[in-house]
Amino acid sequence: MTPIEHAARAIMWIAALFTVVFLMTPLVVTVAVSFGSSSVFTLPPPDWSTRWYERLANTRGLWPSLLTSLQVAAFSTAVAMVLGTLCAIALVRGRFPGREAIATFLISPLMLPGLVVGIAMLQGFKAAGLREAYSSLLIAHVIITLPYIVRTVLAALSLFDFSLIDAARTLGCSYPMAITRVLVPALGPAFLTSGMFAFLASMDNYPISIFFTDAWTKTLPIQMLQFVEENPDPTIAAISTGLVLLAILALIAGDRLVGLRKLADF
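None of the values given here were measured: they were computed from a predicted structure. (Residues numbered from 1 in each chain as written. Predicted model: local features only at pLDDT ≥ 70, side-chain atom pairs only at ≥ 80, totals over all residues. Heavy atoms only, no water.)

Student: How should I be thinking about the layout of surface pockets in this particular structure?
Tutor: Unfilled space is identified by rolling a water-sized probe across the atoms. Size it by volume and the largest pocket reaches roughly 380 Å³. Those elements that provide at least two residues to the lining of the largest pocket are α10 (188–203) and α12 (235–265). (1 Å grid on protein atoms, 1.4 Å probe; cavity = no way out; pocket = protein on both sides within 12 Å on 5 of 7 lines; lining within 4 Å. Points joined across faces, edges and corners; volume = space filled by probe spheres on them. Helix = DSSP H or I, 4+ residues; strand = E, 2+ residues; numbered from the N terminus.)

See the structure below:
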């Protein structure tokens, strides 16, 4: 390698290292603070303790909000998975004008600021007569998770050979059976990846959820904001550490499932 190539590689590694450190530092600080004994955010902690994790069991409103977030995330991911897959198949297999515009429209919630999307949905739901908080929250989360499913499944379908379905039908499979045995397994990694990101995006959403919560229906991010306003102690760091752990476990589980799927195909 020439000196210029060596210098370019060194710059690339330095930039990559700086990016990793820049992104990981807030997470490391949050985890470290959550294990501190101080009642304020102190780094380094004067002493190590698990008092803030023990306090989670008695934190008012934490577990109902966590259950609400899990229910909304699971429901929205499941519904978005079905609708997003159908939309992606229509966009890939359909021959009609405006397909690109429809694809752009389906992923538009990712292109706009969350507050703008939240205000627009709030006004739209009110105009449609939908004022119940929980129902509005479910529909809003379906809308914001749908782009993750559509884009991922659309990319997977663009690489899929649909003649395999015709081949399965010539071998005696009905059309639904051919879809189940050929198309669904081929899209398994796309379903897993998009579902994982959609679930995490729903769990972590704040700018849209804030418009559709009330005193009885609060998601975890909204409840965390209330904790910060009422009693800003490292309990919030312990909750944040739990969410980081949830994301890590989801990524590990997704990687293992994809690996098992590839091994089964082999």
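Student: When you look at the side chain of threonine 235 in this model, what are you seeing that I'm missing?
Tutor: If you trace the backbone, threonine 235 turns up in helix α12. By relative accessible area, threonine 235 is classed as buried at 6%. Among all residues touching threonine 235, those that are not within four sequence positions of it are Trp52, Arg55, Leu56 and Thr59. (Buried < 20%, exposed > 50% of the residue type's maximum accessible area, 1.4 Å probe, protein only. Contact = heavy atoms within 4.5 Å.)

Student: Before we go on, may I ask you to explain the packing of aromatic side chains in this structure?
Tutor: Per the stated rule, a full pass over the model turns up three aromatic pairs. Here the aromatic rings of phenylalanine 18 and phenylalanine 22 are separated by 6.2 Å at their centres, their planes lie at 20 degrees, and the arrangement is stacked. Of the two residues, phenylalanine 18 and phenylalanine 22 are both situated in helix α1 (residues 3–34); the distance of four residues between them amounts to about one turn of the helix. The class of phenylalanine 22 is exposed, set by a relative accessible area of 57%. With a centroid separation of 5.4 Å and an interplanar angle of 50 degrees, the aromatic rings of phenylalanine 125 and phenylalanine 212 are classed as tilted. Within this pair, whereas phenylalanine 125 is found in helix α6 (residues 114–127), its partner phenylalanine 212 is found in the loop between α10 and α11 (220–230), the two being separated by 87 residues in sequence. Neither residue differs from the other here; phenylalanine 125 and phenylalanine 212 are each classed as buried. When the ring centre of tryptophan 52 is taken as reference, the NZ or CZ atom of arginine 51 above it lies at 4.1 Å. (Phe/Tyr/Trp six-rings, centres within 6.5 Å; stacked < 30°, edge-to-face > 60°. Lys NZ or Arg CZ within 6 Å of the ring centre and 35° of its normal.)

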